[in-house]
Amino acid sequence: MDAAVMHTQGQPPRFQQFPDPEPQDDELLVKVAAAALPRHLRIAVDNPLYGGGRSVPYVCGLEGLGYLDDGSRVVFYYPREPYGTLAQLSVTRRERCVPVPGELDDATAAALLNPGVTTCFSLSWVGKLVEGESVLILGATGFAGKLAIQAAKKMFGAGRVVAAGRNPEILESLPELGADATIQLDQPDDKLSASFLEQMGDGYDVILDFLWGHPAEVLLGSIPRTFIPRGSIRYVQLGSSAGEQVSGLHADTLRRGGVSILNASAMGTVAETVESMNDFQKQLMQRTAAGELRVDVDRVPLADIEKSWHSDTPGRRMVIIP
């Protein structure tokens, strides 16, 4: 079969032939029709600190959309190593397959899985967002950030969503997705801090942070250290595209400012996680098919995987078509 095969950590996978998978007793064979290429997958391949430990060669990809032997169309995730989803065929367990609504196209359904489910977990399980509460999204102009705005408002009933991002063109479009206010991150620190404070009002209830680095440093520094919020600010750390470290974080920001920094991967038992992942995925696909959620995708042939590996269009998701 054709596949994107990893040979050397830190280099893009190669488009080449790889042995067809043979499903085991508890597995299903999937004929792949589309597979998203999220940023975290590229980080795992490009950076040995994240992607080490796997034996090469292997097929890249952890999530995709395909057809089972009975003709049913499903999104699926976590195939058995050394197989991945960036290939013509893959294998996974039945409980990791979710039926796709007929109204939803292959590429859109494939693009939803990782960012959508992660956002839902972050808002509900980790951030414990209550209807009517306020949300700040740091990194709102990326694909996951745009989806987080919509999920917070339309799936979890956020009362107010503040969107902070670096891409000015996309930032202007975010009110159409449900953002009540926007903050341009590319401004001097004193002005950025003032913007965070102005939009804070009587407190952010949940913060989703896809960036970390300097934007998070300014944000955390803008929270008054004598601030008494109506409850703790649940700060969910999701990504680090703006930097791996934050310096200058004052202890009083956590103690007196009421900030609790939470781990986005705290999801519960394996069975609970699988059940919730599948439920969230069903909701995401149904709402997208109904036009309530909107995502933007770029379709790329599997044969172009090597030259397209580091290509990115802001606010859009690359989806590989075998």
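Quick note: structure is the one above.
A few points on the structure. Treat the numbers as computed from the prediction; the structure is a model and nothing was measured. (Residues numbered from 1 in each chain as written. Predicted model: local features only at pLDDT ≥ 70, side-chain atom pairs only at ≥ 80, totals over all residues. Heavy atoms only, no water.)

1. Details of the sheet that holds strand S1 (residues 2–6)
Adjacent strands of a sheet form backbone hydrogen bonds with each other and so pair up, either parallel or antiparallel.
Point 1. Ordered in space as S2-S1-S4, the 3 strands form an open sheet in which the pairing is antiparallel. Looking along the sheet, the strands with just one partner apiece sit at the ends: strand S2 (14–17) and strand S4 (58–59).
Point 2. Sheet topology places S1 next to S4; 2 bridges connect them, and they run antiparallel. Within the sheet, the bridge partner assigned to Met6 lies in S4 and is Tyr58. (Pairing = 2+ DSSP bridges. Helix = DSSP H or I, 4+ residues; strand = E, 2+ residues; numbered from the N terminus.)

2. Some details on helix H7 (residues 213–222)
Point 1. Here H7 lies mainly inside the structure; 7 of its 10 residues are buried.
Point 2. For H7, the set of buried residues is Gly213, Pro215, Ala216, Val218, Leu219, Leu220 and Ser222.
Point 3. Structurally, H7 contributes buried residues whose contacts are with strand S9 (134–138), helix H6 (189–200), strand S12 (206–209), strand S13 (233–237), helix H8 (251–255) and strand S14 (259–263). (Buried < 20%, exposed > 50% of the residue type's maximum accessible area, 1.4 Å probe, protein only. Contact = heavy atoms within 4.5 Å.)

3. Looking at the side chain of Ser90
Point 1. Mapping Ser90 onto the fold places it in strand S7 (residues 89–93).
Point 2. At 2.9 Å, the side chain of Ser90 forms a polar contact with the backbone oxygen of Gly84.
Point 3. Filtering out sequence-adjacent residues up to four positions away, Ser90 remains in contact with Pro21, Leu28, Leu29, Val30, Val32, Phe76, Pro79, Tyr83, Gly84 and Thr85. (Polar contact = N/O pair within 3.5 Å; in protein donor to acceptor, adjacent residues only side chain to side chain.)

4. Things to note about helix H4 (residues 143–154)
Point 1. Between its first and last C-alpha atoms H4 spans 17 Å; for 12 residues at 1.5 Å apiece the expected length is 16 Å, and the two agree.
Point 2. Among the 12 residues in H4, 10 count as buried, and that is most of the element.
Point 3. Listed in full, the buried residues belonging to H4 are Phe143, Ala144, Gly145, Lys146, Leu147, Ala148, Ile149, Gln150, Ala151 and Ala152. (Expected span 1.5 Å × (residues − 1).)

5. Re the layout of surface pockets
Point 1. When its volume is computed, the second largest pocket comes out at roughly 160 Å³.
Point 2. What lines the second largest pocket is Lys146, Asn167, Glu169, Ile170, Ser173, Glu176, Arg294, Asp296 and Pro314.
Point 3. The element best represented in the lining of the second largest pocket is helix H5 (residues 168–173), accounting for 3 residues.
Point 4. Looking at the lining of the second largest pocket residue by residue, the class counts come to 2 nonpolar, 2 polar and 5 charged. (1 Å grid on protein atoms, 1.4 Å probe; cavity = no way out; pocket = protein on both sides within 12 Å on 5 of 7 lines; lining within 4 Å. Points joined across faces, edges and corners; volume = space filled by probe spheres on them. Nonpolar A, V, L, I, M, F, W, Y, C, P; charged D, E, K, R; others polar.)

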